[in-house]
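# Residue-level structural notes
Take a look at the letters that make up each chain.
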Amino acid sequence: MTENRLTAELAEIKAASLTRRRHVLESPCGRLAAVDGKNVLNFASNDYLGLAGNREIAQAMADGALQWGAGSGASHLVSGHLAPHEQLEQEIATFTGFPRALTFSTGYLANLAVTPTLAGRGDAVFADKLNHASLIDAMQLAKANGADVQRYPHNDMAALEKMLVASPAANKLIVSDAVFSMDGDLAPLPLLFALAERYDAWLVIDDAHGFGVLGPHGRGSLAHFNLPASPRILLMGTLGKAAGVSGAFVAGSEIAIEYLLQKGRSYIFTTAAPPAVACALSKSLEIIRHGGALRASLMARIAQLRDGLAGLQWALLPSLTAIQPLIVGDNEAAVALSAALWERGLWAPAIRPPTVPKGTARLRISVSAAHTAADIAQLIGTLKELA
Ligand SMILES: *Cc1c(COP(=O)(O)O)cnc(C)c1O
């Protein structure tokens, strides 16, 4: 039977207690989630600014659907590039400060369009060991295209420089998350940029968790570090996290973006997102740009959580961002803590190896501007009680 092998492997996953299950939410994404007939406080989403449930954005999406229809009908290069897509690209370029931007249906597709398109035979890719899975897959595609791919230890600039010095490749790409998704820490972007300049390399930055949250007006991690919109930088940002909707963009120089448009397979060979999604994102961008109050309340909740959990037996990693990982260590203990919180109406997922290094199983607590001070206090109180 064709399925025999799959059955055996599924049994192995189950025996290792690694079976994954989906929770069905009976409510929109927000501070509360209705699951299995009960309401839990949601510390599990990436909706950092609470925009997924924003009424104005939902209205812009509904209006957009009525004006522009449900679907785009084709890929961007055929006939699926509608006025709302074009407008959104221009708004993103202006917002990020780059000459041009290209939008994608998901961040996964955006990442697949960059590294394998810019790096092939004879080229070299240098990637942080803790990069997101989508960047790893992009790297594998570049490798299949003949690129020399090397991974440097997390944020280790000395190791990266050694690799750059030793590489004979004329065309080099440095690829990194700006905010690491399981640790919440930042890449040293000014140092990465300096290395890119010194060794004449591209710098590909994935700002999935910084866009909307960090920097003036929520412009993201590059703006947080006051870095210029250099033609050697390609900035990828996702639009389904802080922006609260769906999709992603890559921003860069006129020429780099034109090249991705001509050659990026995951841009070319897929249907454009519904135009209503672009309408919603234009509204979301406007809210982000004027979202100082949202970011201030997010930062206040993060500070409250960090103060409240100081001195606990489990330590929060040193993160300035909405991703606040509480290190438990042991796999079973992390799962048990997550389950005990769930019992008490709090949803904070346990993350285990191989997603994170052995011995560092953790709760990945996501803070949102949608949370109230009382929500955070409840999480702190319950964790102290369970300690
Ligand atoms: C979520 C995420 C992505 C993928 O974005 P999607 O829009 O969800 O496909 C890429 N990179 C990082 C770092 C992410 O966290």
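So, here's what we can say about the structure. The structure displayed is predicted, hence computed values, not measured ones.

## Section: the layout of surface pockets
Estimated volume of the largest pocket: approximately 1,500 Å³. Around the largest pocket, the lining is made up of 41 residues, and of these R20, P349, A350, I351 and R352 lie nearest the centre. For the lining of the largest pocket, the elements supplying multiple residues, two or more each, are α6 (133-144), α14 (331-343), β12 (346-347) and β13 (350-351). The dominant element in the lining of the largest pocket, judged by the number of residues it contributes, is α14, at 4 residues. For the lining of the largest pocket, a count of residues per class yields 22 nonpolar, 12 polar and 7 charged. Summarising the domain contributions, the lining of the largest pocket has at least three residues from each of domain 1 (18-49 + 292-386) and domain 2 (55-289). Of the volumes computed, that of the second largest pocket is approximately 180 Å³. If you go around the second largest pocket, the residues you meet are L112, P116, T117, L141, N145, K263, R265 and S266. Mapped by element, the contributors of at least two residues to the lining of the second largest pocket are α5 (107-118) and α11 (265-268). Looking at which element gives the most residues to the lining of the second largest pocket, the answer is α5, with 3 residues.

## Focus: the site of the ligand
Around the ligand lies a shell of 13 residues, among which G107, Y108, D206, H209 and K241 are the nearest. Here an oxygen atom of the ligand and a backbone polar atom of G107 are 2.7 Å apart. With respect to the ligand, the backbone of Y108 contributes an N or O atom lying 2.9 Å from an oxygen atom. Isolated, the ligand exposes 380 Å² of accessible area, and the fraction of that covered by the protein chains is 82%. Of the residues forming the shell around the ligand, the biggest block, 3 residues, is contributed by α5. Looking at the shell around the ligand, its residues break down into 2 nonpolar, 8 polar and 3 charged.

## Thoughts on α5
Its 12 residues place the ends of α5 17 Å apart at the C-alpha level, agreeing with the 16 Å of an ideal helix rising 1.5 Å per residue. For α5, a buried count of 10 out of 12 residues is recorded, marking the element as mostly surrounded by other parts of the structure. Buried within α5 are the following residues: G107, A110, N111, L112, A113, V114, T115, P116, T117 and L118. For α5, the side-chain oxygen to backbone nitrogen distance between the N-cap and Y108 is 3.3 Å, and the N-cap itself is T106.

## Quick word on the sheet that holds strand β14 (residues 361-366)
Taking strand neighbours across the sheet as the criterion, the 4 strands line up as β10-β11-β14-β13 in an open arrangement whose pairing is antiparallel. The sheet is open, and its two edges are formed by β10 (315-316) and β13, each paired on a single side. As judged from the 2 bridges shared by β10 and strand β11 (residues 323-329), these two strands associate in the antiparallel manner. For L316, the partnering residue across the bridge sits in β11 and is L326. Helix α13 (residues 292-309) rests against β10, β11 and β14 of the sheet, and its axis sits at about 25 degrees to β11. The strands touched by α14 within the sheet are β11, β13 and β14, with β14 carrying the most contacts at an inclination of about 35 degrees.

## Here's the deal with a nonpolar patch on the surface
Taken together, L10, I13 and L18 make up a surface patch of nonpolar side chains, about 260 Å² in accessible area. Its location among the elements puts L18 in the loop between α1 (4-15) and β1 (32-35).

## Considerations on empty space enclosed by the protein
If you walk through the whole model with that rule in mind, you get 2 cavities of 30 Å³ or more. Each pocket or cavity is described by its volume, and for the largest cavity that value is around 150 Å³. Around the largest cavity, the lining is made up of 21 residues, and of these H76, T103, F104, S105 and A273 lie nearest the centre. Secondary-structure elements contributing two or more residues to the lining of the largest cavity are α4 (83-96), β3 (100-104), α11 and α12 (275-289). Take the lining of the largest cavity: its biggest share by element is 3 residues, from α12. The residue inventory of the lining of the largest cavity, partitioned by class, reads 12 nonpolar, 9 polar and no charged. Considered as a void within the structure, the second largest cavity measures approximately 40 Å³ in volume. For the lining of the second largest cavity, a count of residues per class yields 1 nonpolar, 6 polar and 2 charged.

## A word on the nonpolar core
If you look at the biggest cluster of nonpolar residues, it comprises 80 residues, and the most contacted ones within it are L160, I174, L192, L298, L305, I365 and L383. Among the elements that take part in this core, α12 stands out by supplying 7 residues, more than any other. In contact with I365, not counting residues within four places along its chain, are F43, L305, A322, I323, Q324, L326, A348, L379 and L383. Within the second largest apolar cluster, 27 residues are counted, among which are A127, L234, I257 and L261.

Calculation rules
Residues numbered from 1 in each chain as written. Predicted model: local features only at pLDDT ≥ 70, side-chain atom pairs only at ≥ 80, totals over all residues. Heavy atoms only, no water. 1 Å grid on protein atoms, 1.4 Å probe; cavity = no way out; pocket = protein on both sides within 12 Å on 5 of 7 lines; lining within 4 Å. Points joined across faces, edges and corners; volume = space filled by probe spheres on them. Helix = DSSP H or I, 4+ residues; strand = E, 2+ residues; numbered from the N terminus. Nonpolar A, V, L, I, M, F, W, Y, C, P; charged D, E, K, R; others polar. Domains from an automatic or database assignment. Near = heavy atom within 4 Å. Polar contact = N/O pair within 3.5 Å; in protein donor to acceptor, adjacent residues only side chain to side chain. Areas by Shrake-Rupley, 256 points an atom, 1.4 Å probe, with all protein chains shown as cover. Expected span 1.5 Å × (residues − 1). Buried < 20%, exposed > 50% of the residue type's maximum accessible area, 1.4 Å probe, protein only. Pairing = 2+ DSSP bridges. Contact = heavy atoms within 4.5 Å. Axes fitted to C-alpha atoms, helices over the stretch in contact; angles between N-to-C directions. Patch = residues over 30% accessible without salt bridge, like charges linked within 9 Å, V, L, I, M, F, W, Y side chains within 5 Å. Salt bridge = Lys/Arg side-chain N within 4 Å of Asp/Glu carboxyl O. Core = buried A, V, L, I, M, F, W, Y, C linked by side-chain atoms within 4.5 Å.

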